[in-house]
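# Results of the structural survey
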Amino acid sequence: MSLIRRVGTHSGTFHCDEALACYMLKILHPQAEIVRSRDPAVLETCDVVVDVGGVYDPEKLRFDHHQRGFTETFSSTSAIKLSSAGLIYKHFGKQIISNITQTSPDDTDRLFHMIYDSFIASIDAVDNGISQYDTTAQPRYRITTDLSSRINSFRPDWNESDHDLDDRFQAAMNCAGQEFVGAVTRYAKSWLPARNVVIEALNNRFQIDNSGQIVLLERTAPWKDHLETVESELNITPPILFCVFQDSADSSWRIQAVPMHAGSFELRKPLPAAWRGLREADLSKASGVDGCVFVHMNGFIGGNRTREGALQMARIALL
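Now for a description of the structure that goes with this document.

Analysis parameters
- Residues numbered from 1 in each chain as written.
- Predicted model: local features only at pLDDT ≥ 70, side-chain atom pairs only at ≥ 80, totals over all residues.
- Heavy atoms only, no water.
- Buried < 20%, exposed > 50% of the residue type's maximum accessible area, 1.4 Å probe, protein only.
- Helix = DSSP H or I, 4+ residues; strand = E, 2+ residues; numbered from the N terminus.
- Pairing = 2+ DSSP bridges.
- Axes fitted to C-alpha atoms, helices over the stretch in contact; angles between N-to-C directions.
- Parallel < 35°, antiparallel > 145°, perpendicular 65-115°, else oblique.
- Contact = heavy atoms within 4.5 Å.
- Nonpolar A, V, L, I, M, F, W, Y, C, P; charged D, E, K, R; others polar.
- Right-handed = clockwise from strand over helix to strand, strands pointing away.
- Salt bridge = Lys/Arg side-chain N within 4 Å of Asp/Glu carboxyl O.
- Phe/Tyr/Trp six-rings, centres within 6.5 Å; stacked < 30°, edge-to-face > 60°.
- Lys NZ or Arg CZ within 6 Å of the ring centre and 35° of its normal.
- Expected span 1.5 Å × (residues − 1).
- Bend = angle between axes of the 7 residues up to and from the residue.
- Polar contact = N/O pair within 3.5 Å; in protein donor to acceptor, adjacent residues only side chain to side chain.
- Left-handed = near helix turned anticlockwise from the far one by under 90°.

## Overview of the pairing of strand 8 (residues 253-257)
Counting buried positions along strand 8 gives five out of five residues, so the element sits mostly inside the fold. From the end of strand 7 (residues 242-246) to the start of strand 8, which pair antiparallel, there are six residues. In this structure, strand 8 lies alongside strand 10 (residues 301-304), joined through four bridges in antiparallel fashion. In the strand pairing of strand 10, Trp 253 is matched with Asn 304.

Next up, the structure:
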């Protein structure tokens, strides 16, 4: 993309998607001016136009998503139609991530997909009115603290007359953008290095147990987001059922059942039903393992005072 001097978006009421889209473009082109207008003649003077104009044409740097017939998604497997934030991210996200993190091309690609799923997708969905769940039931509660809702709070109240919408948009853009940069930075510094921890644990799995279905993390790391992907890349069979790691808050150890997918409550194999809800001596008696601390009622996690105790619980749970 050549040098961008003017980024156009619509005037009037704003939303999270164009606020973030504009901020992402300014990461690549800090000197760019944000022009808010619905006048076609004004927008024609802009190098890039987002969220207005009724045209999606990447070659001409026109990125609207409101027009009839627009069906663009992030990938062939995604069901979420893109907003202006998703469009800018899809076309320039790797450059933006590389600008923020200076990661290698392979790591930038991993971050590119993770950041979309964990950050951008919800903004696309909210702006396009896509529900999280296929249900007609009334929600038990409302969430009004997500980023899209917080950006809406920058808009003037209905009975507020003394305001400057362009100033409000600038504040909203900075809020959305700073949160985006913070998320990218966190994933680069914390989530991405955890991948190597998971790879090491998988490579050592047969040293932990002959079954190859238990992994041991010598340090706590966000392993669930990586395990399924790395299992597939390394053709790991049979699948991992339990992960053992030291609790970061104290010196005890945890055994956690592996979920079917990251973020799922369904487990590949839960801890034994006879252990669930028990603690301390009662749990040690039921399991036959000294030093037990607890097993959750849902069977997804348990604890032991020692590394060997947690591994012993995992080995018994395989049976």
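## Focus: the packing of helix 1 (residues 16-28) against helix 4 (residues 105-127)
Contact geometry for helix 1 and helix 4: axes closest at 9 Å, N-to-C directions at 140°. The orientation of helix 1 relative to helix 4 falls into the category oblique. Where helix 1 approaches helix 4, its residues Cys 16, Asp 17 and Leu 20 are matched on the opposing element by Phe 119, Ile 120, Ile 123 and Asp 127. Classifying every residue of the contact of helix 1 with helix 4 gives five nonpolar, no polar and two charged.

## Observations regarding the sheet that holds strand 9 (residues 292-295)
The mixed open sheet is built from five strands, whose spatial order is 6-7-8-10-9. Of all strands in the sheet, those with a lone pairing partner are strand 6 (214-217) and strand 9, marking the two edges. For this sheet, the mean angle separating the axes of adjacent strands, direction not counted, is 20°. The sheet contact formed by strand 7 and strand 8 spans five bridges and is antiparallel.

## Concerning the pairing of strand 7
Taken across its five residues, strand 7 has four buried, putting it largely inside the fold. As paired strands, strand 6 and strand 7 are joined by four bridges and run parallel to one another. Among the inter-strand pairings, Ile 214 is bridged to a residue of strand 7, identified as Phe 242. With helix 8 (residues 224-233) bridging strand 6 and its parallel neighbour strand 7, the resulting β-α-β unit is right-handed.

## Looking at the pattern of salt bridges
Applying the stated criterion across every chain yields a total of 14 salt bridges. One salt bridge connects Glu 233 with Arg 195, and the closest N-O pair in it is separated by 2.7 Å. Taken together, the residues Glu 233 in helix 8 and Arg 195 in helix 6 (residues 165-203) connect sequence positions 38 residues apart. Given a relative accessible area of 10%, Arg 195 falls into the buried group. Measuring nitrogen to oxygen at the nearest pair gives 3.3 Å for the salt bridge that ties Arg 307 to Glu 218. Of this pair, Arg 307 sits in helix 10 (residues 307-318) while Glu 218 sits in the loop between strand 6 and helix 8; the two residues are 89 residues apart in sequence, bridging distant segments of the chain. Its relative accessible area of 33% is what places Arg 307 among the partly exposed residues.

## A look at the packing of aromatic side chains
Applying the stated criterion across every chain yields a total of twelve aromatic pairs. Here the aromatic rings of Phe 14 and Phe 169 are separated by 5.6 Å at their centres, their planes lie at 70°, and the arrangement is edge-to-face. On the criterion of sequence distance, the pair formed by Phe 14 in the loop between strand 1 (6-9) and helix 1 and Phe 169 in helix 6 is long-range, its members being 155 residues apart. Per residue, the accessibility class of Phe 14 equals that of Phe 169, and both read buried. Through pairs of rings, three or more aromatic residues link up here, namely Phe 74, Tyr 89, Phe 112, Tyr 116, Phe 119 and Phe 180. Directly above the ring of Phe 169 sits Arg 36, whose terminal nitrogen or CZ lies 4.6 Å from the centroid.

## Section: the sheet that holds strand 5 (residues 62-63)
The strand order 2-1-3-5-4 describes an open sheet built from five strands, whose pairing is mixed. Lying at the two open borders of the sheet, with one neighbouring strand each, are strand 2 (33-36) and strand 4 (56-57). Both strand 4 and strand 5 contribute to a ladder of two bridges, which runs antiparallel. Counted as the bridge partner of Asp 57 is Arg 62 from strand 5. Running at roughly 130° to strand 2, helix 6 makes contact with strand 1 and strand 2 of the sheet.

## A short note on helix 6
If you check helix 6, its first and last C-alpha atoms are 56 Å apart, about what 39 residues at 1.5 Å a residue would give, namely 57 Å. The axis of helix 6 is deflected most strongly, by about 40°, at Tyr 187. The N-cap residue of helix 6 is Asp 164: its side-chain oxygen and the backbone nitrogen of Asp 166 are 2.9 Å apart.

## Quick word on the packing of helix 3 (residues 84-101) against helix 4
Direction vectors running N to C along helix 3 and helix 4 enclose 135°, while the axes themselves pass 10 Å from each other. Compared by their axis directions, helix 3 and helix 4 come out oblique. The chirality of how helix 3 crosses helix 4 is right-handed. Here helix 3 contributes Ala 85, Gly 86, Tyr 89, Lys 90, Gly 93, Lys 94, Ile 97, Ser 98 and Thr 101 to the contact with helix 4, which in turn contributes Thr 108, Asp 109, Leu 111, Phe 112, Ile 115, Tyr 116, Ile 120, Ile 123 and Asp 124. Per-class residue counts for the contact of helix 3 with helix 4 are nine nonpolar, five polar and four charged.

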